[in-house]
Amino acid sequence: MRDSPPDNDCPSNDSNARDDESVESSRRSFLQRSGTGLAAAVAAAASGTAWAAGPSIAEQNAVKLSLIQDPDTEQKEETPDANAAPSDRIGYAIVGLGRLSLNQILPALAQCKYSRVTALVSGDRDKALKIARQYGVPERDVHDYSTFERLANNPRVQVVYIVLPNGMHAEFTVRAARIGKHVLCEKPMANSVAECQSMIDACQQAQKLLMIAYRSQYEAMDRMIVKMVREKKLGTLSEFIAGNSQNVGDPTQWRLKKALAGGGPLPDVGIYCLNAARFLTGEEPNEAIATVYRPDDDPRFKEVEQSVHFVLRFPSGITATCMASYGSHESRFFRLQGSQGWAEMNPAFGYNALSMRHGMRVDGKNATTEITVDPTNQFAHEIDHMSQCVLSDTRPHTPGEEGLQDQRVVEAIYKSARTGRPVQIAPPVTSTRGADPAEEVF
Ligand code: NAD
């Protein structure tokens, strides 16, 4: 086997089923639902993955209960997967215990079906030990950045999840691959195309999976819009318009340091607009036209831009017009327009409280429909997708190549802003996405 408060990236305010088939079939049904089936089971068995070794204690003790509802008319009862016992789940080492890890990722891991936290890596041992006690991680599995390589000896860690400042993603991805671990890395993938390529190369060489944590691509409403586009419900696409902004506070934070952040709002929050323009349309931009603004007298913007505006052109004629700012009140939205309709999210890109609408002609009249979806945890979906990929040895939906392509566009945007000219973008040399995430999570 290859073997921000309240809900966005930027800490501007800085506060810190079961029926008579029985549970016995749940592992099998997971594989089927995730579209991997027998091949995945064989691959997992070959890899020595824990659950493939034989039935777990939960599976051996499965109790069959008869159905009391009419199966022809009633919906099957949904229950948590009783077979996803902690020892069967894919183990994650969380590297970097900042806001995202503490406020989102660790709580989400507790909601995951196929994933669990098994180690922590932090520069602050006292903080890490407190968190380890909270999440049941043994003290021996708490490391610092210099003892990171000790994770190699821990078979309970299969994936290293990198949640460090952007400028540290490449180093820790390469180090994780070299000790034989799969990598889930936060967005943006890194600070340069060269760094992104080194991460892909290291994981390929080690025959390990690399996924970039583009959580919006695992979010239910975004996936609905992808489906609408594929089914041509909006007709021929013409424009995508998006914005992602919020005011940043503390001028000393790493997000305002070029070496650690790679740029200002563009790689941090603008990347949501850019990535959405690509995955919602299913096309790759071939030209970028951009401008950035950096005030001379604001101590926050000594090294990075305050705001960026960019237009991307796509081969079919679609344009994406996007802005991202660290200097205006929290605002996150997008609208995708086509010849027969539009779909929008406002708010978009956040962790929760998202809202979607679409408009099209129905029965001779223009109709607007508001979509509501039961809120679910995007981080849990995203992390479980990575675990499913590890279990089935499948390329993630958002692999390293997806992050690399965004970085190529980011560099074209900055170049256009610098030169005042449009910058051409060559198409990616390989596909940038793996198969869609399993529908079971939505
Ligand atoms: P944060 O500042 O809250 O945490 C960063 C962690 O890295 C801290 O524990 C800090 O101690 C540690 N660190 C190690 N070396 C450091 C250094 N030299 N300078 C500063 N910190 C250092 O940041 P965060 O909000 O948790 O972001 C971490 C990563 O997650 C970033 O790549 C960010 O883009 C990404 N992120 C993604 C989302 C999302 O929705 N997917 C949301 C927020 C952040």
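All values reported here derive from a predicted model rather than from experimental measurement. (Residues numbered from 1 in each chain as written. Predicted model: local features only at pLDDT ≥ 70, side-chain atom pairs only at ≥ 80, totals over all residues. Heavy atoms only, no water.)

Looking at the site of the ligand
- Close contacts around the ligand come from 24 residues, with Arg99, Asn166, Glu186, Arg215 and Trp254 the closest.
- Contact distances for the ligand include 3.4 Å between an oxygen atom and a backbone N or O atom of Leu97.
- Between the ligand and Trp254, the relevant distance is 2.7 Å, taken from an oxygen atom to a side-chain nitrogen or oxygen of the residue.
- Here the ligand, which alone exposes 850 Å², has 83% of that area covered by the protein.
- Of all the secondary-structure elements, those providing two or more residues to the shell around the ligand are α4 (99–111) and α10 (265–281).
- Partitioned by chemical class, the residues of the shell around the ligand number 13 nonpolar, three polar and eight charged. (Near = heavy atom within 4 Å. Polar contact = N/O pair within 3.5 Å; in protein donor to acceptor, adjacent residues only side chain to side chain. Areas by Shrake-Rupley, 256 points an atom, 1.4 Å probe, with all protein chains shown as cover. Helix = DSSP H or I, 4+ residues; strand = E, 2+ residues; numbered from the N terminus. Nonpolar A, V, L, I, M, F, W, Y, C, P; charged D, E, K, R; others polar.)

Quick look at unusual backbone geometry
- Each neighbour pair has its own omega, and for Lys187 with Pro188 the value is -15°, a cis peptide bond.
- Mapping Pro188 onto the fold places it in the loop between β5 (182–186) and α7 (193–205).
- Residue Pro347 is reached from Asn346 by a cis peptide bond, and omega for that bond is 5°.
- Of note, Pro347 is situated in the loop between β12 (341–345) and β13 (356–362).
- You will see that Ala353, though not glycine, has its phi angle at about 55°, which is positive.
- Phi angles above zero are rare outside glycine, and Asp363 is one such case at about 50°.
- With respect to the helices, strands and loops of the structure, Asp363 is situated in the loop between β13 and β14 (365–371).
- With a relative accessible area of 77%, Asp363 lands in the exposed category. (Buried < 20%, exposed > 50% of the residue type's maximum accessible area, 1.4 Å probe, protein only.)

Observations concerning the packing of aromatic side chains
- Tallied over the entire structure, the rule returns six aromatic pairs.
- Note on Tyr145 and Phe172: the rings are 5.6 Å apart at their centroids and 65° apart in plane angle, and the pair reads as edge-to-face. With Tyr145 in the loop between β3 (142–143) and β4 (159–162) and Phe172 in helix α6 (residues 169–178), this residue pair connects regions lying 27 residues apart in the sequence.
- Judged by centre distance (5.8 Å) and plane angle (40°), the rings of Phe334 and Phe349 are tilted. Taken as a pair, Phe334 in strand β11 (residues 331–338) and Phe349 in the loop between β12 and β13 lie far apart in primary sequence, 15 residues in all. This pair shows no difference in class: Phe334 is buried, exactly as Phe349 is.
- Over the aromatic face of Trp342 sits the side chain of Arg335, whose NZ or CZ is 4.0 Å from the ring centroid. (Phe/Tyr/Trp six-rings, centres within 6.5 Å; stacked < 30°, edge-to-face > 60°. Lys NZ or Arg CZ within 6 Å of the ring centre and 35° of its normal.)

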